[in-house]
Amino acid sequence: MSNQRKQSTIFLCITISAVSLFSSDVSALGVNWGTMATHQLPPKTVVQMLKDNNVKKVKLFDADTNTMVALDGSGIEVMVAIPNDQLKDMGSYQRAKDWVRRNITRFNDGVKIKYVAVGNEPFLTAYNGSFINLTYPALFNIQNALNEAGVGDFIKATVPLNADVYNSPPENPVPSAGRFRQDIFDEMKLIVNFLAHNKAPFTVNIYPFLSLYLSSNFPFDYAFFNGQNTVNDNGIIYTNVFDANFDTLLASLRALGHGDMTVIVGEVGWPTDGDKNANIPNAERFYTGLLPKLAANRGTPLRPGYIEVYLFGFIDEDAKSIAPGNFERHWGIFKYDGQPKFPADLSGAGQKKILNGAQNVQYLQNQWCMLNPNAITFSNNTNQLGDNVNYACTFSDCTALGYGSSCGNLDEVGNASYAFNMYFQVQNQKAEACDFEGLAIITTRNISREECNFPIQIGDPKSGYSDHNHIYVSNIRLGLVSMLVLLIAL
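About the cut-offs
Residues numbered from 1 in each chain as written. Predicted model: local features only at pLDDT ≥ 70, side-chain atom pairs only at ≥ 80, totals over all residues. Heavy atoms only, no water. Phe/Tyr/Trp six-rings, centres within 6.5 Å; stacked < 30°, edge-to-face > 60°. Buried < 20%, exposed > 50% of the residue type's maximum accessible area, 1.4 Å probe, protein only. Lys NZ or Arg CZ within 6 Å of the ring centre and 35° of its normal. Helix = DSSP H or I, 4+ residues; strand = E, 2+ residues; numbered from the N terminus. Contact = heavy atoms within 4.5 Å. Polar contact = N/O pair within 3.5 Å; in protein donor to acceptor, adjacent residues only side chain to side chain. Pairing = 2+ DSSP bridges. Disulfide = S-S within 2.5 Å. Axes fitted to C-alpha atoms, helices over the stretch in contact; angles between N-to-C directions. Parallel < 35°, antiparallel > 145°, perpendicular 65-115°, else oblique. Left-handed = near helix turned anticlockwise from the far one by under 90°. Nonpolar A, V, L, I, M, F, W, Y, C, P; charged D, E, K, R; others polar. Core = buried A, V, L, I, M, F, W, Y, C linked by side-chain atoms within 4.5 Å.

*Asks:* Outline the packing of aromatic side chains, supporting the account with residue identities and numerical values.
*Replies:* Centre-to-centre distance and the angle between the planes together describe a pair of aromatic rings. Applying the stated criterion across every chain yields a total of 30 aromatic pairs. Between Phe-218 and Tyr-222 the ring centres are 6.0 Å apart and the planes differ by 45°, which places this aromatic pair in the tilted class. When its relative accessible area of 0% is taken as the criterion, Tyr-222 is described as buried. The positively charged end of Arg-285 is found above the aromatic ring belonging to Phe-224, 4.2 Å away from the centroid.

*Asks:* Outline the environment of Asn-32, supporting the account with residue identities and numerical values.
*Replies:* Along the chain, the position of Asn-32 falls in strand 1 (residues 31–32). The class for Asn-32 is buried, based on a relative accessible area of 1%. In this structure, the C-alpha to C-alpha distance between Asn-32 and Gly-313, residues 281 residues apart in sequence, is 5.0 Å. Not counting chain neighbours up to four residues away, the residues in contact with Asn-32 comprise Lys-59, Phe-61, Gly-266, Glu-267, Tyr-310, Leu-311, Phe-312, Gly-313 and Phe-314. Among the polar contacts listed, one links the side chain of Asn-32 to the backbone oxygen of Gly-266, at a separation of 2.9 Å.

*Asks:* Tell me what's going on with the pairing of strand 9 (residues 202–205), and back it up with residues and numbers.
*Replies:* Neither face of strand 9 is exposed, since Phe-202 and Val-204 on one face and Thr-203 and Asn-205 on the opposite face are all buried. Sheet topology places strand 6 (residues 160–162) next to strand 9; three bridges connect them, and they run parallel. Counterpart to Asn-162 in the pairing with strand 9 is Asn-205. With four bridges connecting them, strand 9 and strand 12 (residues 263–268) associate as parallel partners.

*Asks:* Hey, could you go over the state of the cysteines for me, with residue numbers and the actual values?
*Replies:* Taken as a whole, this structure holds three disulfides when the rule is applied. The disulfide that involves Cys-369 links it to Cys-434, with 2.1 Å between the sulfurs. Measuring the twist about the S-S bond at about 90°, one finds the Cys-369-Cys-434 disulfide to be right-handed. Of the two residues, Cys-369 sits in strand 14 (residues 368–371) while Cys-434 sits in the loop between helix 10 (412–426) and strand 15 (440–443), which places them 65 residues apart along the sequence. Overall, the relative accessible area of 5% leaves Cys-434 in the buried class. Residue Cys-407 pairs covalently with Cys-452 via a disulfide, S to S 2.0 Å. A torsion of 95° about the S-S bond marks the disulfide between Cys-407 and Cys-452 as right-handed.

*Asks:* Got a sec to walk through the packing of helix 3 (residues 93–105) against helix 4 (residues 132–148)? Specific residues and values, please.
*Replies:* With their axes 9 Å apart at the nearest point, helix 3 and helix 4 run at an angle of 60° to one another. In terms of their interaxial angle, helix 3 and helix 4 are classed as oblique. In this structure, helix 3 crosses over helix 4, and the sense of that crossing is right-handed. In this structure, helix 3 contributes Tyr-93, Ala-96, Lys-97, Trp-99, Val-100 and Ile-104 to the contact, and helix 4 contributes Asn-141, Ile-142, Asn-144, Ala-145, Leu-146 and Glu-148. Residue composition of the contact of helix 3 with helix 4, by class: eight nonpolar, two polar and two charged.

*Asks:* Account for the nonpolar core, with residues named and values stated.
*Replies:* Judged by nonpolar contacts, the single largest core of 109 residues is most densely connected at Val-80, Trp-99, Ile-104, Val-116, Ile-142, Phe-180 and Phe-202. Sort the elements by how many residues they give to this core and helix 7 (residues 241–255) lands first, with seven residues. If near-sequence neighbours (up to four positions away) are discounted, Ile-142 is found in contact with Ile-82, Met-90, Ala-96, Trp-99, Val-100, Val-116, Val-118 and Ala-157. Formed by 33 residues, the second largest nonpolar core is a distinct cluster that contains Cys-407, Leu-410, Ile-442 and Phe-454.

*Asks:* Outline unusual backbone geometry, supporting the account with residue identities and numerical values.
*Replies:* A cis geometry characterises the amide bond from Phe-312 onward to Gly-313, with omega recorded as -5°. Within the secondary structure, Gly-313 is located in the loop between strand 13 (308–311) and strand 14. Its identity as a non-glycine residue notwithstanding, Asn-54 has a phi of 60°, on the positive side. On the secondary structure map, Asn-54 appears in the loop between helix 1 (43–52) and strand 2 (57–59). Residue classification places Asn-54 among the partly exposed residues on the basis of a relative accessible area of 33%. Positive phi values are uncommon outside glycine, yet Glu-437 reaches one of about 55°. Assignment of secondary structure puts Glu-437 in the loop between helix 10 and strand 15.

This is the structure in structure tokens:
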């Protein structure tokens, strides 16, 4: 998923498609493995998670050597990727050949590489055309380099594109009216024709959640699979935006003479925090509807049958850009530490099962950083606390504090303690990371509150602060402290 993913135009019929979870046809399931995290699980641990959960396909966002080595011999089908910032370099055929040699043929004996993703949503409107003229030359060179290397018959280059590359006109917002955007029409025609010539798939990322996020008028239930909203497209009834969006793409491809092109859903999912609609109940509802649909190979009205789908994402990424929204760091079906968030039946049989989490995960010590009650007086500089909280959140992940999020109902004391702790954990619990001009103190008491978890980061427990002669707070009642800071505006 792009760090600045944004769907600027929303029509009732547009947005979502199939997720990748394994069905009776085990080839159906895929997941996206993103690595934009301050503390990453070891690649071998993640590969074992994939195997333990019967995931047969994985989509990457680069071709990191450590990741590829961990995948060696796993039998998992892999889509490696060329980031957007390398597209310009791939405009040189020699550099494209070098990239294929370093990242494809080098690993091809042990890693089951099937696709190369050229860029990631390079035509997003949010990018203001930065990659429009770079994408097709890169695609052309990479596929030809694969062909020259003798692997082009079974490794195909594709371009994962956001669903904002096509739409239906406002005056006729139905899937059959779908067309590619006019500002990129020529480039899309080149890409589609090239993909067809090389028997490569079209890859699209579709997100129903974004329809809700970007439009307060979007029918809530239409984002799921058990609602009552419908769209009638010349007798074809659409009951969810998943099907409608996918078929809007098919209509756009048909208009270019390629209505039968294979389409992969490169990303689809539901975030669990960072917005009022991003929560575990909604994510469970979404997957409970999607997974059986995929398992039954029901497809869509215009494309019944099997659709290859990759779930976004596998594990939360706390260092992703939040330009599109705070939810960007919460797309995983697993938390940052590789533990499952909610039950999900990846077989599509409809049974609630606990996913198999990461094994033998090491955590830092059982200690947290919190607001120091002794440092708060009515004579304090009213800006001091706010400035320190802002600093902490700038260099850590405070997205759970937003409106409608899991920690959005904390008081001032809770907000400050949450921010301080997140920074403390990111900094591997170094003592100097829990000071904030004397406003913070380390505690060995879990200061989580109700639905708001104050996490401890993963890592070597010996790497953090362990001087237990330090002054700790163990039994402070935060409710009493909050009375002292009612006048502090963060």
